[in-house]
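Each chain, written out:
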Number of protein chains: 2
Amino acid sequence: MKSYDVVIIGAGPSGIVTGVTAKKQNPEKSFLIIMEEEKGLVPCGIPYIFHDLDDISQNLMGPAPFVKAGGEVLVDTVTGVDIRSKTLETGSGKSFSYSKLVFATGSTPTIPTFIRGYDLENVEYIRKSYSYINGLMNRIGQAENIVVIGGGFIGAEVAEQLAKYKEKTVTLVEMENHCLFRAFSEDFAVLADEHLVNAGVNILTGCTVKKLQGSGGKVESVILEDGRSIKADLVISAIGYKPRTELAGKAGLQLTSNGTIRVDRYMRTEEKDVYAVGDCAHATGFITGRTDNIMLASTATAEARVLGYNLFSISLLHSFAGILSVFSTELDGYVFASAGAIEQTAREANVDYVVGRFEDVDRHPGSLPGAKKIKIKVIVSPENGQIIGGEIYGGKSVGEMINIISLAIQKYVTVYELISFQTGTHPLLTTAPTKYTLVKVCEDAIVNIKDRFL
Amino acid sequence: MKSYDVVIIGAGPSGIVTGVTAKKQNPEKSFLIIMEEEKGLVPCGIPYIFHDLDDISQNLMGPAPFVKAGGEVLVDTVTGVDIRSKTLETGSGKSFSYSKLVFATGSTPTIPTFIRGYDLENVEYIRKSYSYINGLMNRIGQAENIVVIGGGFIGAEVAEQLAKYKEKTVTLVEMENHCLFRAFSEDFAVLADEHLVNAGVNILTGCTVKKLQGSGGKVESVILEDGRSIKADLVISAIGYKPRTELAGKAGLQLTSNGTIRVDRYMRTEEKDVYAVGDCAHATGFITGRTDNIMLASTATAEARVLGYNLFSISLLHSFAGILSVFSTELDGYVFASAGAIEQTAREANVDYVVGRFEDVDRHPGSLPGAKKIKIKVIVSPENGQIIGGEIYGGKSVGEMINIISLAIQKYVTVYELISFQTGTHPLLTTAPTKYTLVKVCEDAIVNIKDRFL
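Residues numbered from 1 in each chain as written. Chains lettered and ligands numbered in written order. Predicted model: local features only at pLDDT ≥ 70, side-chain atom pairs only at ≥ 80, totals over all residues. Heavy atoms only, no water.

Comments concerning the pairing of strand E10 (residues 169–174) of chain A
Residue and element names in this part refer to chain A.
Part 1: Of all six residues in E10, five are buried, a share of seventy percent or more.
Part 2: In the sheet, strand E9 (residues 145–149) pairs with E10 via five bridges, with the strands oriented parallel. Each residue of the ladder has a partner; that of Ile149, found in E10, is Val173.
Part 3: At this point the chain moves from E9, through helix H5 (residues 153–162), to the parallel E10, and the crossover so formed is right-handed.
Part 4: Where E10 and strand E11 (residues 202–205) come together, four bridges link them in parallel fashion. Its bridge partner lying in E11, Glu174 is registered against Thr205.
Part 5: Crossover handedness for the path E10 to helix H6 (residues 186–198) to E11: right-handed. (Buried < 20%, exposed > 50% of the residue type's maximum accessible area, 1.4 Å probe, protein only. Helix = DSSP H or I, 4+ residues; strand = E, 2+ residues; numbered from the N terminus. Pairing = 2+ DSSP bridges. Right-handed = clockwise from strand over helix to strand, strands pointing away.)

What follows is the structure, given as structure tokens:
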């Protein structure tokens, strides 16, 4: 039986980053990643395979950096883990022993078994699998009427990309009143709807799917609760993901109520020498302090780095105070990004807050070619002015601006401090220095904090 | 004699932002801004008037937000200030008394009187004046061979814009070995040179101008120290700016050795009720703790906000720990940005440092349309890992990325903390989460810190 110091199950972003980071810290140790498919995909790039990228081969992500660092990889499926004897078995009949084991098994699309007809042919999902997505591309090529169920990030991005094929009719069905409603407050989510419509997507918000109808075993239409029927020769369900933790559960690891593997802030499970990281691992919200079922590659890789540095001994004390959701997407050429609390999540978690708002253009003067409107909101604790969340809408610069807010939240920065925030500004790149958006939005929050206490 | 609670001399970014901020905090007080010209320009937008903006009218910046807040403006020139009697006089013969006086008199181009022929016709400058720049545009329109002296930001940007007129020959003469050498270390400055050449600018670096030659009082050529002669029917000198503090000096205010008005961290001069802000005010470097002659609208507006909040009573304790230079520019479609210390300024100031470096592409996968190379460097204290500077080169996202580094410096963030920095990433907007540039560059710095102590 071959033995490794570290075996990592899964080669998604968290598995690979754990492997690379830990191997670099511990070059003398032997590392093995066991991965199910030889070719991996950049997970967040999947929607762009359908249009903007020329080909699925443009979206590959493999263990090359891990192999370069001296790790080994095996294409196989782990079928069982014996935590007591520190061994595992694979589908091809191999056995390995390990000193330390990392679960990086990720997540899998939620199958809407509660919708009648979910098992018809051409009812598909966005699985993070090369072979599956390759097959889905063929189905998309042949489809004329596509219905996407779910207007979260994946659903919205897939619908936006598919609508670029002008000969196809693309309909997006979302249960909530607006798309992206989990990541943005209403005034921003409304803009997401508008941009999706402008991009050619038929949006049906506030609508629930009753059943999928077909003939000859193939889907033909989507029937809504209100009785409407939408023609569909392809349905793509994007209603969320669930952690892949059957193997961990079978091995006897503690799972939380939402099905993730219970871990501490160094990503250690309750079993010695067993770790979990990424979508399959439990996470606590930075603001709320409660279980958070966020599934983002950026979050997963941050966890993976914490694990990579601390796997053999605690060497990097800056572990997690909790998971901060930082989202960004582009729809119809406009960027939507949010970090930390938004109004509805703050209310749900009983977090007291005031908002600050500001609008401007993202270049100065605004007459410069390519200038776009920029709209920003911060969510702030009225007690001490601490920034606990933010949302931004605008041009491409928003993709990195949100990370300024993200750092501000993580470093407990207050709106008072940001009044004198020294920034770089440039006509072609940012708002004017006289009204740098992140400073002005803090000024507005300060006014609103004062009003609150009048 | 009319009396105001606050008189501000100057309507550049620092004058206007001081006025708006202080008036909003003190709506019951009367405010007057005295400005020399009716129309003001967005200072950092001036180079873009010459090409990318259709017209000078697209680059106006006026006191409208100040007037809207309830302030008054007067187009006039202050000719004398009597600090003892708290009065001032203007060129048109008016007199005013004030309770508080703010100098926001800005800066003016350095005239190269040490270069023979500097006083020839068609030897021009980038003055922050509507009427002057309007005149310069006409001269540019008629010129065929333009020589720009000085490869700092203004010189480089002006040359890049003028080179877009394919019928004009544009030459840039820079004394240092590379353009942008005050803001970037050599490996970045080299790229600036390359992009300027690619944009059609003839670059002569490591060259000093000996004299300007002309006939009939008009410039005709630029003669270099090495004897070369460059044909020039228009010369634009961009060798720097100096603070406009003659009025303040005449009024008896203390000036520093570099000609700025001495102020404390709340922008108070040594005279009671007299303040100075922006380019005319003294500044201390955040990293070096020494006099810094940085002149940036973004810095000036940050100072102006500190003054605006603290003018009548100290209400915002977050004043300056010092000036942080945060620069950004775009040349030939590529962005260059830096914040805080760079290698040569760290060495000059005897700051101990190590660097971290990383390169990637600014989208993921890198095969996405529009993806550009991104190159990042951080300057880090080896003692505690604190980030004290950074440089980034890449696409437009760099314009806001530099502000993440800027916030990190201002909040004393270490490279160890940023290993677990939670960021938003998106295929169309950022590098991949597995190798987010700012995290990877910190990893590299950590390796280099360890190597240092081996």
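Overview of the sheet that holds strand E15 (residues 234–237) of chain A
All names here are of chain A.
Part 1: In spatial order, the strands read E8-E15-E9-E10-E11; together these five strands make up an open sheet with parallel pairing. Looking at which strands have only one partner, the edges of the open sheet turn out to be strand E8 (123–125) and E11. Along the sheet, successive strands turn relative to each other by an average axial angle of 20°, direction set aside.
Part 2: Relative to E15, E9 is paired through four bridges, and the arrangement is parallel. Looking at E15, one finds that Ile149 is bridged to Ser237.
Part 3: Helix H4 (residues 130–142) contacts E8, E9 and E15 of the sheet and is inclined by roughly 135° relative to E8.
Part 4: Together, E9, E10 and E15 form the strand contacts of H5, whose direction differs from that of E10 by roughly 165°. (Axes fitted to C-alpha atoms, helices over the stretch in contact; angles between N-to-C directions. Contact = heavy atoms within 4.5 Å.)

Some thoughts on the side chain of B:Ser406
Part 1: Structurally, B:Ser406 is set in helix H10 (residues 398–410).
Part 2: Once you skip the residues sitting within four places of it in the chain, B:Ser406 turns out to touch A:Phe421, A:Gln422, A:Thr423, B:Leu324, B:Val326 and B:Ala339.

Thoughts on the interface of chain A and chain B
Part 1: Listed per partner, the contact involves 78 residues of chain A and 78 residues of chain B.
Part 2: Carbon and sulfur atoms supply 61% of the area that chain A and chain B bury against each other, a total of about 6600 Å² over both sides.
Part 3: Per-residue buried area on chain A facing chain B is highest for A:Arg305, A:Glu400 and A:Gln422; these three make up 12% of the total on that side.
Part 4: For the pair chain A and chain B, the interface holds four salt bridges.
Part 5: On the surface where chain A and chain B come into contact, there are 36 residue pairs in polar contact (both at pLDDT 80 or more). (Buried area = accessible area lost by both parts, 1.4 Å probe. Salt bridge = Lys/Arg side-chain N within 4 Å of Asp/Glu carboxyl O. Polar contact = N/O pair within 3.5 Å; in protein donor to acceptor, adjacent residues only side chain to side chain.)

Looking at the packing of helix H1 (residues 13–25) of chain B against helix H8 (residues 297–310) of chain B
Residue and element names in this part refer to chain B.
Part 1: The contact between H1 and H8 brings their axes to 8 Å, and the two run at 25°. By the criterion of interaxial angle, the relationship of H1 to H8 is roughly parallel. Crossing geometry of H1 relative to H8 is assigned as right-handed. On the side of H1, the interface is formed by Pro13, Ser14, Val17, Thr18, Thr21, Ala22 and Gln25, while H8 contributes Ala297, Ala300, Thr301, Ala304, Arg305, Leu307, Gly308 and Tyr309.
Part 2: In terms of residue class, the contact of H1 with H8 is built from eight nonpolar, six polar and one charged. (Parallel < 35°, antiparallel > 145°, perpendicular 65-115°, else oblique. Left-handed = near helix turned anticlockwise from the far one by under 90°. Nonpolar A, V, L, I, M, F, W, Y, C, P; charged D, E, K, R; others polar.)

What about the pairing of strand E6 (residues 95–103) of chain B?
Residue and element names in this part refer to chain B.
Part 1: Where burial is concerned, most of E6 is hidden: seven out of the nine residues are buried.
Part 2: Sheet analysis places strand E1 (residues 2–9) next to E6, joined by seven bridges and oriented parallel. Counterpart to Ile8 in the pairing with E6 is Val102.
Part 3: The sheet contact formed by strand E5 (residues 87–90) and E6 spans three bridges and is antiparallel. Bridge pairing links Leu88 to Phe96 in E6.
Part 4: Count of turn residues in the E5/E6 antiparallel hairpin: four residues, of which Gly93 carries a positive phi of about 90°.

Details of the pattern of salt bridges
Part 1: The full count for this structure, using the stated rule, is 44 salt bridges over all chains.
Part 2: A salt bridge links B:Lys100 to B:Asp273, with the nearest nitrogen and oxygen atoms 3.0 Å apart. Of this pair, B:Lys100 sits in strand E6 while B:Asp273 sits in the loop between helix H7 (246–250) and strand E17 (274–276), placing them 173 residues apart in sequence. With respect to class, B:Lys100 is no different from B:Asp273; both count as buried.
Part 3: A cluster of three or more residues bridged by salt bridges with shared partners is formed by A:Asp187, A:Glu343, A:Arg357, A:Lys375 and A:Lys377.

Considering the relation of the copies chain A and chain B
Part 1: Mapping chain A onto chain B calls for a rotation angle of 180° and an axial translation of 0.0 Å; the resulting RMSD is 0.0 Å. When the rotation and shift are considered jointly, the pair of chain copies conforms to a two-fold rotation axis.
Part 2: Most of the interface of chain A is mirrored in chain B, where 100% of its interface residues are also at the interface. (Least-squares fit on C-alpha atoms with pLDDT ≥ 70 in both.)

So, the sheet that holds strand E13 (residues 218–224) of chain B
Residue and element names in this part refer to chain B.
Part 1: Strand order in the open sheet formed by three strands is E12-E13-E14, and the pairing between neighbours is antiparallel. Edge positions in the sheet fall to strand E12 (209–215) and strand E14 (229–231), since each of these pairs with one other strand and no more. Across this sheet, the average inter-strand angle for adjacent strands is 30°, counted without regard to direction.
Part 2: Two strands pair when backbone bridges link them, and E13 and E14 are joined in this way by three bridges, in the antiparallel orientation. When the bridges of E14 are listed, Ser221 appears paired with Lys231.

Some thoughts on the environment of A:Leu296
Residue and element names in this part refer to chain A.
Part 1: Relative to the assigned elements, Leu296 resides in the loop between strand E17 (274–276) and helix H8 (297–310).
Part 2: On the accessibility criterion, Leu296 (17% relative accessible area) is buried.
Part 3: Along the chain, Leu296 and Tyr436 lie 140 residues apart, while their C-alpha atoms are 29 Å from each other.
Part 4: Those residues in contact with Leu296 that sit more than four places away from it in its chain are Asp279, Ser325, Val326 and Phe327.

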